[in-house]
Amino acid sequence: MLHPSLARRGFFGSVALGAAAWYVPGAFAEELSKTPRFTEGPFYPDRLPLDTDNDLLVINDAITPAVGTIAHLGGRVLTPAGSPVAGAVVEIWQCDNNGAYLHSRSSNRARRDANFQGFGRFLTNNKGEYYFRTIKPVPYPGRTPHVHFIVKKGAQRLLTTQLFVKGHPGNAKDFLFRSVRDPKLRDLVQTDFTPIKGSKLDEVSANFSLVVGLTPEEGGKGKGKGRGKDKD
């Protein structure tokens, strides 16, 4: 099994190559399209776990990992001009392999995988990169597989969105996915979970970059309360 730190370094290398392929500073007059926003949904953890790091498969020093297909999920946080947003906090949360969230009102909560952290945070580096080790998302009752995202800097929430599995048959019936009618914008909230060649554990990787609006340094006014409020 590849150690998470080694997987992270390898993943960041692939992110850098991918980003270079589609963006060169100053090469385009048009800005990057902002990642579409979605509602936070009802299952942001109502009680955060003691462990909120970026490895959702293992809680603290537990020996037993979470059940599910191991997924290495990462990307970059960028401004519309293509500049990296360093020092941003990326939060993710998702249901476990049984379809249960880390929330007291989640359906299937009696079957919740106690070894799945369910929530994680990561501080972007100077290239705007983030990384999580988690599970490939599975359907939740009434929803297609997805991962929730919040990006914030300081007290300001910059983006709330969701990531979908590209090509999943459930997408066509999902009310939130269908709410994005422009195919080009839909492409910005879905990605492939690609099998990692040579992995003995059938791991997958997913590259999902996020384009946010104004950062506080660029003139954002006001600060959200609690977890923060979305700008623009």
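Everything numeric here is computed off the predicted structure, so don't read it as measured data.

Glancing now at the packing of aromatic side chains. Here the structure, examined in full by the defined rule, presents 11 aromatic pairs. With centroids separated by 5.2 Å and ring planes inclined at 65°, the aromatic side chains of phenylalanine 149 and phenylalanine 208 adopt a geometry described as edge-to-face. Here phenylalanine 149 is found in strand β5 (residues 146–153), whereas its partner phenylalanine 208 is found in the loop between β9 (204–207) and β10 (210–211), with 59 residues between them in sequence. Taken individually, phenylalanine 149 and phenylalanine 208 each receive the classification buried, so the pair is uniform in this respect. One aromatic cluster is present, formed by Phe122, Tyr130, Phe132, Phe149 and Phe208 through successive ring pairs.

Here we come to the side chain of aspartate 51. Relative to the assigned elements, aspartate 51 resides in the loop between α1 (4–22) and β1 (70–78). No salt bridge is formed by the buried aspartate 51; its nearest oppositely charged neighbour, arginine 121, is found at 9.4 Å. A distance of 2.7 Å separates a polar atom in the side chain of aspartate 51 from the backbone nitrogen of asparagine 60. Setting aside residues no more than four positions away along its own chain, aspartate 51 makes contact with Val58, Ile59, Asn60, Gln117 and Phe119.

Looking at the protein chain, the pLDDT average stands at 86 and 79% of residues meet or exceed 70. Contacts of residues 15–29 to residues separated by more than four positions or lying in other chains number 13 contacts, the stretch itself having pLDDT below 50. With pLDDT under 50 throughout, residues 219–226 is counted as low confidence; its partners more than four residues away or in other chains account for nine contacts.

One open sheet accounts for five strands, arranged β3-β2-β5-β6-β7; its pairing is mixed. Across the chains shown, the open sheet's two edge strands, defined by having one partner strand only, are β3 (119–123) and β7 (190–191). Bridge count between β5 and strand β6 (residues 156–165): eight bridges; the pairing is antiparallel. Residue pairing for β6: histidine 146 is matched across the bridge by phenylalanine 164.

What counts, and where the lines are drawn
- Residues numbered from 1 in each chain as written.
- Predicted model: local features only at pLDDT ≥ 70, side-chain atom pairs only at ≥ 80, totals over all residues.
- Heavy atoms only, no water.
- Phe/Tyr/Trp six-rings, centres within 6.5 Å; stacked < 30°, edge-to-face > 60°.
- Helix = DSSP H or I, 4+ residues; strand = E, 2+ residues; numbered from the N terminus.
- Buried < 20%, exposed > 50% of the residue type's maximum accessible area, 1.4 Å probe, protein only.
- Lys, Arg positive; Asp, Glu negative; His and termini not counted.
- Salt bridge = Lys/Arg side-chain N within 4 Å of Asp/Glu carboxyl O.
- Polar contact = N/O pair within 3.5 Å; in protein donor to acceptor, adjacent residues only side chain to side chain.
- Contact = heavy atoms within 4.5 Å.
- pLDDT = per-residue confidence, 0-100.
- Pairing = 2+ DSSP bridges.

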